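Examination of the molecular architecture
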Amino acid sequence: MNNIKYYSEESLVALKKELHTLETIERKKISAAIAEARDKGDLSENAEYDAAKEAQGLLELKIGKLKDLIANARILDESKIDTSKVLIYSIVTIKNLANNTEMTYTIVPESEADFKAGKISVTSPIAKGLIGKAKNEIATIQAPAGTLKFEIVNIAR
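Fair warning: this is a prediction, and the values are worked out from it, not measured in the lab.

With that settled, the discussion passes to the environment of T104. Mapped onto the secondary structure, T104 falls in strand β4 (residues 102–108). According to the relative accessible area criterion, T104 is partly exposed, its value standing at 45%. A sequence separation of 13 residues divides T104 from I91, and the C-alpha atoms of the two residues are 6.8 Å apart. A distance of 3.0 Å separates a polar atom in the side chain of T104 from a polar atom in the side chain of T93.

What follows is the structure, given as structure tokens:
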């Protein structure tokens, strides 16, 4: 299954660091918990053993998913981002035409979204409405609060 996703370099490094932690530290902790529970005797009625085995299964599932994610990850070269239209990793300044307030957002993959830091997911209604638009264009966006109109004031990378 070809599930390529694009990440900034720092996001990919963070994913690799998390994988390393899970494989080197968390696996050892769970193995120790299983060994300790096993030493307590009859495994058929040992809730600690069952819980440790379940935690091990969940950890291995998470490791597998992270490995798959990293294998299909690509670093997006931010220096090659076209600033003539809104794309992923664009820094876009928009003006709400209803109240003339300006906001600046960076359009990022879902995994990097952080609204407080001004990073909105490419799958959000606002980002979906802005993608492909050029400077000075009006984007009409259907949001949960109703229809919003934004003018694209600036696009940067």
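Structure's up, so let's keep going.
Chain-level pLDDT for the chain is 87 on average; 94% of the residues reach the 70-or-more range. The secondary-structure element of the chain with the lowest mean pLDDT is strand β1 (residues 5–7), recorded at 76, while strand β3 (residues 91–96) shows the highest, at 94.

By the bridge criterion, five bridges tie β3 to β4 in an arrangement that is antiparallel. Bridge pairing in β4 places I94 opposite M103. The hairpin formed by β3 and β4 contains five residues between the paired strands, and N100 there has a positive phi angle of roughly 60°. In the sheet, β3 pairs with strand β7 (residues 146–156) via six bridges, with the strands oriented antiparallel. Each bridged residue has a counterpart across the sheet, and for N96 the counterpart in β7 is F150.

Of the voids in this model, the largest pocket is the one considered here, and its volume is about 180 Å³. Residue lining of the largest pocket: K5, Y6, Y7, I88, P109, E110, S111, V122 and T123, and that is the complete set. The residue inventory of the lining of the largest pocket, partitioned by class, reads five nonpolar, two polar and two charged.

The subject of this paragraph is the environment of E18. In this fold, E18 is placed in helix α1 (residues 9–38). In this structure, E18 is in contact with K62 and L66, ignoring residues within four places of it in sequence.

Despite not being glycine, Y89 shows a phi value in the positive range, around 70°. For Y89, a relative accessible area of 4% corresponds to the buried category. Phi angles above zero are rare outside glycine, and N136 is one such case at about 75°. The topology assignment puts N136 in the loop between α3 (125–130) and β6 (138–143). The exposed category is assigned to N136, whose relative accessible area is 52%.

Here the focus is the sheet that holds β4. Strand order across the open sheet formed by five strands is β5-β4-β3-β7-β6, with mixed pairing between neighbours. The open sheet terminates on both sides in strands that have one partner only, identified here as β5 (119–121) and β6. Geometrically, the sheet is characterised by an average inter-axis angle of 45° between neighbouring strands, direction not taken into account.

Between its terminal C-alpha atoms helix α2 (residues 47–71) stretches 36 Å, which fits the 36 Å expected from 25 residues at 1.5 Å a residue. Looking at the buried residues of α2, the elements they touch are α1 and β2 (73–75).

Viewed as axis vectors pointing N to C, α1 and α2 meet at an angle of 165°, and their least axial separation amounts to 9 Å. Between α1 and α2, the interaxial angle falls into the category roughly antiparallel. By crossing handedness, the relation of α1 to α2 is classed as left-handed. Across the contact of α1 with α2, the residue classes break down as 15 nonpolar, one polar and eleven charged.

The rules behind each value
Residues numbered from 1 in each chain as written. Predicted model: local features only at pLDDT ≥ 70, side-chain atom pairs only at ≥ 80, totals over all residues. Heavy atoms only, no water. Helix = DSSP H or I, 4+ residues; strand = E, 2+ residues; numbered from the N terminus. Buried < 20%, exposed > 50% of the residue type's maximum accessible area, 1.4 Å probe, protein only. Polar contact = N/O pair within 3.5 Å; in protein donor to acceptor, adjacent residues only side chain to side chain. pLDDT = per-residue confidence, 0-100. Pairing = 2+ DSSP bridges. 1 Å grid on protein atoms, 1.4 Å probe; cavity = no way out; pocket = protein on both sides within 12 Å on 5 of 7 lines; lining within 4 Å. Points joined across faces, edges and corners; volume = space filled by probe spheres on them. Nonpolar A, V, L, I, M, F, W, Y, C, P; charged D, E, K, R; others polar. Contact = heavy atoms within 4.5 Å. Axes fitted to C-alpha atoms, helices over the stretch in contact; angles between N-to-C directions. Expected span 1.5 Å × (residues − 1). Parallel < 35°, antiparallel > 145°, perpendicular 65-115°, else oblique. Left-handed = near helix turned anticlockwise from the far one by under 90°.

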